[in-house]
Amino acid sequence: MVKGLTAQGYAQAQTGMLKNPANEKSLNIGVGIGGKLNYKNTYLDANLKAGTTIGAEVKLGHEFNLGKGFGLDTYGTASIYRGKDKTDTSEFTYTDVYHSAFNKDAQPQVRQETYKYDSKWTSGEKRMGLGAQLTFKAKNVKFGVGIEAGTRSTLQDKDITLKTPVTDIEYIETNDFTGAQVRDKRHFGGDTRTLDVHKSMGYVTGTAFVDGKVSEHINLFANGRFNQGIEVGAKWTF
């Protein structure tokens, strides 16, 4: 082992709510496992999580000691999470009314056409960012607030576009007295609807965390990015 290098593994249970750039929310309840390497306040932290969402995050940073329990944590991070599959049912309805060409008092003919589409996609987010947090430690509690900036995008790489087919309906009417005939062709469909399930953007957001040590191996924690969501839970280190 390299002198001064420490390694720590951990398992955790967490709950919370996540929100991606398309404002799709995912309940985050599950467990995770990870590890952290630290060398002279430079650290590498990686973890995997599974439950109602599945995700992973890698964080590389350095914490500067500002004295009297204060610190400045600077880091780079890359993360991904996948939420539940989403489903949307879109319905297009067209109605046409045909009035007699020969008898204005005749009951009109009414025809209706309905198209239904079930669309499915996967919610979630990919994120890369750089951040900095001021930290403070007192006895068994450490907390911090900061700012993070980077890029984030949905897992869906493009919006879903729905388009109804064009259907021709022909009306044929014959005059009972003269035998004259009228043909009238109408068109149904051709409309387009877009489901906005893809979004890629830059971001700047506030961050915060609190971590409390309740025993030698157990910590309670809460952390979050204000534009994504919050996570609370318990961590067991080994």
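Not measured: the values here are computed from a predicted model.

1. A short note on the overall build of the protein
A count of helices and strands for the protein gives zero helices and 14 strands. Walking the protein from its N terminus toward its C terminus, one meets helices and strands in the order β-β-β-β-β-β-β-β-β-β-β-β-β-β. A compact globule built from 238 residues should have a C-alpha radius of gyration of about 18 Å, whereas the protein, at 30 Å, is more than 25% larger. Its C-alpha atoms give the protein principal-axis dimensions of roughly 105 × 30 × 30 Å. Expressed as a percentage of its 238 residues, the buried residues of the protein come to 34%. The contacts of the protein with a sequence gap of at least 6 include a subset with a gap of at least 24, amounting to 61%.

2. Brief notes about unusual backbone geometry
Of note, the phi angle at Asn 23 is positive, near 65 degrees, even though the residue is not glycine. Taking relative accessible area as the criterion, Asn 23 reaches 55% and is therefore assigned exposed. Positive phi outside glycine occurs at Lys 68, with the angle close to 55 degrees. Looking at where Lys 68 falls in the secondary structure, it is placed in the loop between β4 (54-67) and β5 (70-98). Since its relative accessible area comes to 82%, Lys 68 is described here as exposed.

3. Considerations on the sheet that holds strand β7 (residues 141-154)
Read around the closed barrel, the 10 strands follow the order β1-β2-β3-β4-β5-β6-β7-β12-β13-β14; overall the barrel is antiparallel. Taken pair by pair, the neighbouring strands of this sheet meet at an average axis angle of 25 degrees, ignoring direction. Pairing between strand β3 (residues 42-51) and β4: eight bridges, direction antiparallel. Residue pairing for β4: Tyr 43 is matched across the bridge by Gly 61.

Parameters and conventions
- Residues numbered from 1 in each chain as written.
- Predicted model: local features only at pLDDT ≥ 70, side-chain atom pairs only at ≥ 80, totals over all residues.
- Heavy atoms only, no water.
- Helix = DSSP H or I, 4+ residues; strand = E, 2+ residues; numbered from the N terminus.
- Rg over C-alpha atoms; globule rule 2.2 N^0.38 Å.
- Buried < 20%, exposed > 50% of the residue type's maximum accessible area, 1.4 Å probe, protein only.
- Contact = heavy atoms within 4.5 Å.
- Pairing = 2+ DSSP bridges.
- Axes fitted to C-alpha atoms, helices over the stretch in contact; angles between N-to-C directions.

Keep in mind that these numbers describe shape and distance, not what the molecule does.
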